[in-house]
Amino acid sequence: MKKQGLVLFVVMCLMALQTMAQHYYIPLNRDLYDRYDPWLYKVGSGFHSAIKPYVSEEIAAAAPIDSIDNPARPDTAFNKKWIGRKLRSEHLLEVHEDDFFLYGDINFELSGGKAMEDPESRNTYINSRGVSVGGTFGRHFSFASTYLESQARFPTYLDSAVRETFVVPGGARVKNMGDKFDYGTATGSISFSLKKHFSFQFGHDKNFIGDGYRSMLLSDNAYNYPFLKVNATFWKVKYMVLYALFQDGPYVTNDEESFRRKYATFHYLDVDIGKRLTVGVLEAIIWRYDSTRAFDINYMNPVIFLRPVEYSIGSPDNALIGFNMKFKLNSMSYLYGQLMLDEFKIDEVRARNGWWGNKQAFQLGVRTMQLAGIKGLGAWTEFNYARPYTYQHRSTATAYAHYNQPLAHPLGGNFWESISSVQYHWRDVYGEARFSYARVGYDYDSTGAPVNYGHNVLLSYETRPDEYGNKTLQGLDTKIIGISLRAWYLLNPKSNMMIGAGISVRNTSNKNGTDDLTQFNIGFRTALYNRYFDF
């Protein structure tokens, strides 16, 4: 009977395929999304911006996606030539048929700089080469794949992070541990849509929930992972189900040991309330995998609340509840916020006794896409906060992490952060100034010995030193100040090829001393994904 039901479902899905706006996923890149956002965040647009990556036909319903993706170029002799078109307005390879489109690009990053650190300077660089291919069949099926092989030399604070985790922040595992690191990055997915209400994506990539720069629910901070995602959109509601395979390995001692697997199920419901307010609810379960436990079919249910299921089956797994909010002040500005509840007992919260299990995180922010009425000038500022032990669980096998990196904020837990940005663009010229101030309680006591004070999400909360009296910034209270300026020129919007330069200043201080970093860099790259080195 179950097999008959499955066959019937597949047949109904195939019968439901109809012609619609062309379907594909937009790569999860903030610079790309900034081009669409002035339309997507308009009052009454109805676009569910918190679920990323964006889907093309949903953008097409709210924004002129074709003109955004194909901006006008000067009608010069060079731009009309083959080399001019490939550099300025086309993919390197393009094949167009009535119901078929195929593209291909060469991906690269050639960037270098100088990191001036006390007591000496350090040459830094990233050298990446690879390819991207993708395409659409008809108007309901698409595929995309990218690969990059990289060598990099980082400033000291990033170099130390890589050596501790065997992973480039936001990227893959490293292969060589000399004075540089070798690593490869791969993404790939296939997707299709049914009518205008359902879309399906199976791939190896990242996801993001939220309207801010960071996410306290699910971010693209960690490396790519295999997943199956279903989106359902109807009336004023968008519902996402995400099944994912994560890996961690905090106790590996070399770059050859395998990370341990774990699974995750995410349910996210996003609802428009009127024309200005959108509220979302997230349910996340991280469930361990080992040789003694079979695949748990309970967590594959796409619509049920999983917390009661956990109790009914005596589950040892990690359950989290999150909330997302967006309120449009006008068509160019909005407020946004998030709340993540990793553990919540109202009696313990009211007692204010520092119970370790008060594990919550939140975000508050505001963004405008037209500051002071100046076209092209935008700004945002946000505040992020996480109590000690937030995102930790009994073991790494159920921690809210992947590839030794937090699935939410890159600082993990036991911190607060204020981060702001001002951006300006005119035609193909872009610039950004960013400032951040963070306070973090690192996992060290007064003697410098490692103690689990709630910062590292990979540690077990059972190793905490105290049941009560816990407070944010306990441990080694450290200030991190970051200032960065960058400017770039967009050569080709199809491949997001750009040339740019920047300067960043980072100051870290605690009772043990101060570290200062000033870094200059210049580069030529195809920017395919977000990168978070500002932590």
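So, how was this worked out
Residues numbered from 1 in each chain as written. Predicted model: local features only at pLDDT ≥ 70, side-chain atom pairs only at ≥ 80, totals over all residues. Heavy atoms only, no water. Helix = DSSP H or I, 4+ residues; strand = E, 2+ residues; numbered from the N terminus. Buried < 20%, exposed > 50% of the residue type's maximum accessible area, 1.4 Å probe, protein only. Contact = heavy atoms within 4.5 Å. Areas by Shrake-Rupley, 256 points an atom, 1.4 Å probe, with all protein chains shown as cover. Lys, Arg positive; Asp, Glu negative; His and termini not counted. Charge placed at Lys NZ, Arg CZ, Asp CG, Glu CD. Polar contact = N/O pair within 3.5 Å; in protein donor to acceptor, adjacent residues only side chain to side chain. Phe/Tyr/Trp six-rings, centres within 6.5 Å; stacked < 30°, edge-to-face > 60°. Lys NZ or Arg CZ within 6 Å of the ring centre and 35° of its normal. Salt bridge = Lys/Arg side-chain N within 4 Å of Asp/Glu carboxyl O. Core = buried A, V, L, I, M, F, W, Y, C linked by side-chain atoms within 4.5 Å. Arc of directions from axis to C-beta.

A. Layout of the overall build of the protein chain. Across its full length, the protein chain holds nine helices and 23 strands. Counting every position in the protein chain, which comprises 535 residues, the buried fraction comes to 52%. The long-range fraction of contacts in the protein chain, counting pairs at least 24 apart against all pairs at least 6 apart in sequence, stands at 65%. Of the roughly 24500 Å² of accessible surface on the protein chain, 61% is carried by carbon and sulfur atoms. The average position of the 58 basic charges and that of the 54 acidic charges among the side chains of the protein chain differ by 5 Å.

B. Geometry of the side chain of histidine 48. Mapped onto the fold, histidine 48 is located in the loop between helix H2 (30–40) and strand E1 (51–52). With a relative accessible area of 5%, histidine 48 lands in the buried category. Polar contacts involving the side chain of histidine 48 include one to the side chain of aspartate 270, which spans 2.9 Å. Sequence-distant contacts of histidine 48, that is, excluding residues within four places in its chain, are made with Lys236, Val237, Lys238, Asp270 and Asp272.

C. Examining the packing of aromatic side chains more closely. In total, this model carries 31 aromatic pairs according to the counting rule given. Judged by centre distance (5.6 Å) and plane angle (65 degrees), the rings of tyrosine 213 and tyrosine 532 are edge-to-face. Here tyrosine 213 is found in the loop between strand E8 (208–209) and strand E9 (225–234), whereas its partner tyrosine 532 is found in the segment after strand E23 (513–526), with 319 residues between them in sequence. On the accessibility criterion, tyrosine 213 (4% relative accessible area) is buried. Tyrosine 532 sits in the buried class, given a relative accessible area of 5%. An aromatic cluster is defined as three or more aromatic residues linked by ring pairs; in this entry it consists of Tyr225, Phe227, Phe246, Phe266, Tyr391 and Tyr400. One Lys or Arg, arginine 173, reaches over the ring of phenylalanine 259 and ends 4.1 Å from the middle of that ring.

D. Inspection of the pattern of salt bridges at higher detail. Evaluation of the coordinates by the stated rule reveals 25 salt bridges. Close ionic contact of glutamate 109 with arginine 531 constitutes a salt bridge, the shortest N to O distance being 3.0 Å. You can see glutamate 109 sitting in strand E3 (residues 100–117) and its partner arginine 531 sitting in the segment after E23, a full 422 residues away along the chain. Among the residues examined, glutamate 109 registers a relative accessible area of 7% and is labelled buried. When its relative accessible area of 27% is taken as the criterion, arginine 531 is described as partly exposed.

E. Expanded view of H2. Within the sequence span of H2, burial applies to Asp31, Leu32, Tyr33, Arg35, Tyr36, Asp37 and Leu40. For H2, the N-terminal cap is asparagine 29; the gap from its side-chain oxygen to the backbone nitrogen of aspartate 31 is 3.0 Å.

F. Structural detail: the nonpolar core. Among the nonpolar cores identified, the biggest contains 46 residues, and Phe154, Phe266, Tyr391 and Tyr400 are the most heavily contacted of them. Considering each element in turn, this core owes the most residues, four residues, to strand E10 (residues 237–248). Every residue in contact with phenylalanine 154, bar those within four places of it in the chain, is listed here: Arg122, Thr124, Ile126, Asp159, Val162, Val168, Phe181, Tyr183 and Phe533. Core analysis: the second largest hydrophobic core is formed by 21 residues, Phe47, Ile65, Tyr336 and Tyr532 among them.

G. Structural detail: the side chain of arginine 387. Position of arginine 387 relative to the elements: it lies in the loop between strand E16 (377–386) and strand E17 (401–402). For arginine 387, which is buried and forms no salt bridge, the nearest opposite charge comes from glutamate 348, at a distance of 9.4 Å. Every residue in contact with arginine 387, bar those within four places of it in the chain, is listed here: Gly354, Trp355, Asn358, Gln360, Gly413, Asn414, Asn470 and Thr472.

H. Seen up close, the environment of glutamate 97. Take glutamate 97: it is sitting in the loop between strand E2 (93–96) and E3. As a C-alpha pair, glutamate 97 and glycine 138 span 41 residues in sequence and 9.7 Å in three-dimensional space.

I. Quick look at the environment of glycine 46. Its location among the elements puts glycine 46 in the loop between H2 and E1. For glycine 46, a relative accessible area of 36% corresponds to the partly exposed category. Spatially, the C-alpha atom of glycine 46 lies 11 Å from that of alanine 63, the residues being 17 residues apart in sequence.

J. Representation of helix H7 (residues 156–165) in the model. Within the span of H7, buried status applies to Leu158, Asp159, Ala161, Val162 and Thr165. End-on view of H7: buried residues confined to an arc of 160 degrees, all on one side of the axis. Turning to H7, the residues buried within the fold contact strand E4 (121–137) and strand E6 (181–194). Just beyond H7, the residue with positive phi is phenylalanine 166, at close to 65 degrees.

K. Inspection of unusual backbone geometry at higher detail. Omega for the peptide link from lysine 52 to proline 53 comes to 10 degrees, which places this bond in the cis form. Its place among the elements puts proline 53 in the loop between E1 and helix H3 (56–60). Despite not being glycine, tyrosine 391 shows a phi value in the positive range, around 80 degrees. What makes tyrosine 391 buried here is its relative accessible area of 1%. The backbone of asparagine 496 sits at a positive phi, close to 55 degrees, despite the residue not being glycine. Structurally, asparagine 496 can be placed in the loop between strand E21 (476–492) and strand E22 (497–510). Exposure remark for asparagine 496: the relative accessible area of 2% places this residue in the buried category.

Nothing here speaks to function; it is geometry throughout.
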